[in-house]
Amino acid sequence: MATWFLGKISHPTLDEQNIQRINKEVYLVDAVSFTDAEAQLIRKLQGDIPHLKVEGVSKIKLSEVFMEGNDGLFFKMRVLYISFNERTQKEVYIPHTMLINAENPGDAYVLLKQKLGALNDYKITDINQSPIVRILAYEDSEKIEK
């Protein structure tokens, strides 16, 4: 099971009028610790983004991350799985947070329904656009150095 971290970085960029602005971006990082997440941010982005500064790393709980190509926005979706408690004879809702990339919320909804299957044992309750720019997959730093 992956451990996910949100990594926030900032870096200077030039706008249309050649004025320097600070650009802030959020990345989703698969890592084993906060330190590993920060190291991966620096290692993977340093070549593409000069003068980057890691502003913060925080843990995020995600049940599943679905990548549908490299285009589009990232949507954080809340799914309630429906289970039945035999003892109390009532339905129980188990919340899960999932991330999927799509062009718009409607596409995200359709894609997630395809991924979850045709059974009606869940409800999609929330769809929110996430500030995430890109997902950085896990790489073992010991293997990279060798």
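Refer to the structure presented above.
A short tour of the structure in this document, coming up. (Residues numbered from 1 in each chain as written. Predicted model: local features only at pLDDT ≥ 70, side-chain atom pairs only at ≥ 80, totals over all residues. Heavy atoms only, no water.)

Strand order in the open sheet formed by four strands is E3-E1-E2-E8, with mixed pairing between adjacent strands. The open sheet terminates on both sides in strands that have one partner only, identified here as strand E3 (53-60) and strand E8 (132-136). Strand after strand, the sheet turns through a mean of 30° between neighbouring axes, direction not considered. Note that strand E1 (residues 4-14) and E3 share seven bridges and pair antiparallel. From the neighbouring strand, glycine 7 faces E3, where its bridge partner is valine 57. Strand contacts of helix H1 (residues 34-45): E1, strand E2 (20-30), E3 and E8, with the helix running at about 135° to E3, the strand carrying the most contacts. (Pairing = 2+ DSSP bridges. Helix = DSSP H or I, 4+ residues; strand = E, 2+ residues; numbered from the N terminus. Axes fitted to C-alpha atoms, helices over the stretch in contact; angles between N-to-C directions. Contact = heavy atoms within 4.5 Å.)

Mapped onto the elements of the fold, tyrosine 27 is located in strand E2. On the basis of relative accessibility, which here comes to 4%, the residue tyrosine 27 falls in the buried class. As a C-alpha pair, tyrosine 27 and lysine 8 span 19 residues in sequence and 6.4 Å in three-dimensional space. Residue contacts for tyrosine 27: discarding those within four places in its chain leaves Phe5, Leu6, Gly7, Ile9, Leu41, Leu45, Ile49, Ile132, Val133, Arg134 and Leu136. Among the polar contacts made by the side chain of tyrosine 27, one reaches the side chain of glutamate 25 at a distance of 2.6 Å. (Buried < 20%, exposed > 50% of the residue type's maximum accessible area, 1.4 Å probe, protein only. Polar contact = N/O pair within 3.5 Å; in protein donor to acceptor, adjacent residues only side chain to side chain.)

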